[in-house]
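Observations on the three-dimensional arrangement
Listed below, chain by chain, are the residues.
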Number of protein chains: 2
Amino acid sequence: MCQLLGMNCNTPTDVRFSFSGFTQRAGNTGDHTDGWGIAFFEDKGLRHFVGYERAIDSPIAKLIREYPIKSRNVIAHIRKATQGAVSLQNCHPFVRELWGRNWVFAHNGDLKGFAPKLHAHFHPVGNTDSEQAFCWILQELWKSHAGLPSVQELTHTLRELARRISPHGTFNFLLSNGEALWAHATTHLCYIERRHPFAQAHLSDEDLAVDFARETTPQDRVAIIVTAPLTKNETWTSIQSGELKVFVQGECLPL
Amino acid sequence: MCQLLGMNCNTPTDVRFSFSGFTQRAGNTGDHTDGWGIAFFEDKGLRHFVGYERAIDSPIAKLIREYPIKSRNVIAHIRKATQGAVSLQNCHPFVRELWGRNWVFAHNGDLKGFAPKLHAHFHPVGNTDSEQAFCWILQELWKSHAGLPSVQELTHTLRELARRISPHGTFNFLLSNGEALWAHATTHLCYIERRHPFAQAHLSDEDLAVDFARETTPQDRVAIIVTAPLTKNETWTSIQSGELKVFVQGECLPL
């Protein structure tokens, strides 16, 4: 199994604190050592980093822990391979363009007997069940809408598509197009929305604390979505099995 | 105008020497300061780095100059904006998936009045003439072939497509799918094929030399394609205006 981390904010935010705790699970506090990846949206553009080393050993992951890349939508993944070899093309998150937007997807779980017909123009480069599911989701989005629809319409379609894949196994995923971030849970996924008044947070996976009040303005809103809570002094909300949540501007939308 | 750098080899090779000289042109020996990018194939997988800072200032470009990433196909670009704002989505190289392969494209030049009909499924994320040309090329490749064709067939189609875009202006480009690397010139593009016996090379843009004989085996073949020669003690071959060259396994194919 793998672990997922997502961030959705109303203002470009530095993800180093969360990414630092998260990557401890790739060798120190967890055994997710078969690759890692992270994608940062900056407007419609994307910075995408992947590697098949352990995230705690990778010089690029180290740079990302040290260098502030500010983004409103981030998806990160550390991999423990279940299907597909340990190789660069099998590292999440995966990226494709649809309707002139970048789409980023990462999956935690295992899909059995999922062999959808990919008859449109999205085909896996690697050989994971996850990339296959991503290609199928984009194909079905493309078939369902003539152009980029509203977040509400996309959420409606994605909920239906997640329902069709879910019988095949564990399908925890994060998806973003730079505007919204969707999170679907089968087993483990939880989130927190941080907003004014900001407090101090202590990481669970390493001895590190940050006082968000010093780093933010009262208008900032930041949602963090992750496989298991990253901090030990905050209250995280579980996403229920079969639930699809959508985050926009740092808030979980009531849908 | 921008500058291009490509490498195609028969064995995974470290591009640091060439990339180091090349990025001096992004602020030191040249004024290509509106962004940079580099993509490394590793098998079918891809490491893709872009930034809108000057490449000589970027901490990520610095890491790439210091950290050996070995690849058989590399495309790099430093940008001096002519069309499109200075933003992440306008940084070359651009990436798309077609037939389950990653395709990477970078362009140096300026296309006037080029507004092709993009009626298939490749659409620009940014607003450069370059990404538009790339989307059109992939659309036309997809329309011309049912699946991934041979390098010879691809070269034949690409030559025809380059001929149709070229009347719109300067169209120096590099394109790779991880198997072959294509180079098309309108004005400036030259290449060198290094093979046994390897010699010492001195960079033109900084005081750095490397003895390739120490870094290689007699079987290695490396082709470097670049806007202007990177070394001062080797003979570079110009690609003629209107010519499309294809490199496979470190050699320019006789087509």
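Residues numbered from 1 in each chain as written. Chains lettered and ligands numbered in written order. Predicted model: local features only at pLDDT ≥ 70, side-chain atom pairs only at ≥ 80, totals over all residues. Heavy atoms only, no water.

Right, let's get into the overall build of chain A. Along its length, chain A carries 5 helices and 15 strands. Computed over the C-alpha atoms, the radius of gyration of chain A is 17 Å, within 12% of the 18 Å expected from 2.2 N^0.38 for a compact globule of 255 residues. Seen through its principal axes, chain A has C-alpha atoms that stretch 50 × 35 × 30 Å. Looking at the 255 residues of chain A, the share that counts as buried comes to 61%. Residue pairs at least 24 apart in sequence account for 72% of intrachain contacts in chain A once pairs closer than 6 positions are excluded. In the form shown here, chain A has an accessible surface area of approximately 9500 Å², with 47% of it arising from carbon and sulfur atoms. When the 25 positive and 26 negative side-chain charges of chain A are each reduced to one mean point, those points stand 2 Å apart. (Helix = DSSP H or I, 4+ residues; strand = E, 2+ residues; numbered from the N terminus. Rg over C-alpha atoms; globule rule 2.2 N^0.38 Å. Buried < 20%, exposed > 50% of the residue type's maximum accessible area, 1.4 Å probe, protein only. Contact = heavy atoms within 4.5 Å. Areas by Shrake-Rupley, 256 points an atom, 1.4 Å probe, with all protein chains shown as cover. Lys, Arg positive; Asp, Glu negative; His and termini not counted. Charge placed at Lys NZ, Arg CZ, Asp CG, Glu CD.)

This brings us to the environment of V74 of chain B. All names here are of chain B. Tracing the chain through its elements places V74 in strand 4 (residues 70-78). For V74, a relative accessible area of 0% translates into the label buried. Considered as a pair, V74 and L138 are 64 residues apart in the sequence and their alpha carbons are 19 Å apart. V74 has contacts with L5, G6, M7, V15, I38, A39, F40 and L181, leaving out every residue within four places of it along the chain.

Quick look at the environment of S18 of chain B now. Checked against the element boundaries, S18 of chain B lands in helix 1 (residues 16-23). When the C-alpha positions of S18 of chain B and T231 of chain B are compared, they lie 8.8 Å apart, and in sequence the two are 213 residues distant.

Let us now look at the sheet that holds strand 15 (residues 251-252) of chain B. Residue and element names in this part refer to chain B. The strand order 5-6-7-8-14-15 describes an open sheet built from 6 strands, whose pairing is antiparallel. The open sheet is flanked by strand 5 (94-98) and strand 15, the only strands paired with a single partner. Where strand 6 (residues 101-111) and strand 7 (residues 169-176) come together, 8 bridges link them in antiparallel fashion. Residue pairing for strand 7: F105 is matched across the bridge by L175. Along the sheet face, helix 3 (residues 129-144) touches strand 5, strand 6 and strand 7 and points at about 135 degrees away from the line of strand 6. (Pairing = 2+ DSSP bridges. Axes fitted to C-alpha atoms, helices over the stretch in contact; angles between N-to-C directions.)

Turning our eyes to something else, we now look at the interface of chain A and chain B. Contacts between chain A and chain B engage 30 residues on the former and 29 residues on the latter. Both faces combined, the contact of chain A with chain B buries some 2600 Å², and carbon together with sulfur accounts for 56% of it. Broken down residue by residue, the surface that chain A buries against chain B is led by R47, E97 and V125 of chain A, which jointly contribute 23%. At the boundary of chain A and chain B, one finds 4 salt bridges. The partner of E53 of chain B in a salt bridge is R47 of chain A, with the nearest N and O atoms 3.5 Å apart. With 7 residues, strand 3 (residues 45-51) of chain A is the single largest residue contributor to the side of chain A that touches chain B. Split by residue class, the side of chain A that touches chain B holds 14 nonpolar, 8 polar and 8 charged. (Buried area = accessible area lost by both parts, 1.4 Å probe. Salt bridge = Lys/Arg side-chain N within 4 Å of Asp/Glu carboxyl O. Nonpolar A, V, L, I, M, F, W, Y, C, P; charged D, E, K, R; others polar.)

Between H196 of chain A and P197 of chain A the backbone carries a cis peptide bond, its omega angle lying at -5 degrees. Checked against the element boundaries, P197 of chain A lands in the loop between strand 9 (190-195) and strand 10 (200-202). The residue after H92 of chain B, namely P93 of chain B, is reached through a cis peptide bond having omega -10 degrees. One non-glycine residue with positive phi stands out, namely D43 of chain A, at about 60 degrees. Structurally, D43 of chain A can be placed in the loop between strand 2 (36-42) and strand 3. For D43 of chain A, a relative accessible area of 57% puts it in the exposed group.

Turning our attention to the sheet that holds strand 6 (residues 101-111) of chain A. Residues and elements named next belong to chain A. Here 6 strands make up an open sheet; going across it, the order is 5-6-7-8-14-15 and the pairing antiparallel. Of all strands in the sheet, those bounded by a partner on one side alone are strand 5 (94-98) and strand 15 (251-252). In the packing of helix 3 (residues 129-144) onto the sheet, the strands contacted are strand 5, strand 6 and strand 7 (169-176), and the crossing angle to strand 6 comes to about 135 degrees.

In the superposition of chain A on chain B (RMSD 0.0 Å, axial shift 0.0 Å), the rotation amounts to 180 degrees. The superposition of one copy onto the other is thereby described by a two-fold rotation axis. Comparing interface residues between copies, 97% of those in chain A also lie at the interface in chain B; the contact surface is shared. (Least-squares fit on C-alpha atoms with pLDDT ≥ 70 in both.)

For the coordinates displayed, the defined rule picks out 3 cavities of 30 Å³ or more. Roughly 610 Å³ of volume is contained in the largest cavity. For the lining of the largest cavity, the secondary structure elements donating two or more residues are strand 3 and strand 5 of chain A together with strand 3 (45-51) and strand 5 of chain B. When its volume is computed, the second largest cavity comes out at roughly 60 Å³. Contributing to the lining of the second largest cavity are 13 residues, with C2, R79, T82, H92 and S130 of chain B lying nearest its centre. With 3 residues, the top contributor of residues to the lining of the second largest cavity is strand 6 of chain B. A per-class count over the lining of the second largest cavity returns 2 nonpolar, 8 polar and 3 charged. (1 Å grid on protein atoms, 1.4 Å probe; cavity = no way out; pocket = protein on both sides within 12 Å on 5 of 7 lines; lining within 4 Å. Points joined across faces, edges and corners; volume = space filled by probe spheres on them.)

So, about the state of the cysteines. Enumeration over the complete set of coordinates arrives at 0 disulfides over all chains. For the unlinked cysteine C190 of chain A, the closest cysteine sulfur is that of C252 of chain A, found at 13 Å. Just so you know, C9 of chain B is unpaired, no disulfide at all, and the nearest cysteine sulfur is the one on C252 of chain B, 14 Å from it. Owing to a relative accessible area of 0%, C9 of chain B belongs among the buried residues under this scheme. (Disulfide = S-S within 2.5 Å.)

What follows deals with the packing of helix 3 of chain B against helix 4 (residues 151-165) of chain B. All names here are of chain B. Closest axis-to-axis distance for the helix 3/helix 4 pair is 10 Å, and the angle between their directions is 135 degrees. By the angle class used here, helix 3 and helix 4 are oblique. The chirality of how helix 3 crosses helix 4 is right-handed. Residues A133, W136, I137, E140, L141 and S144 of helix 3 lie in contact with helix 4, whose contacting residues are L154, T157, L158, L161, R164 and I165. Here the residues of the contact of helix 3 with helix 4 sort into 8 nonpolar, 2 polar and 2 charged. (Parallel < 35°, antiparallel > 145°, perpendicular 65-115°, else oblique. Left-handed = near helix turned anticlockwise from the far one by under 90°.)

None of this, on its own, says anything about what the molecule does.
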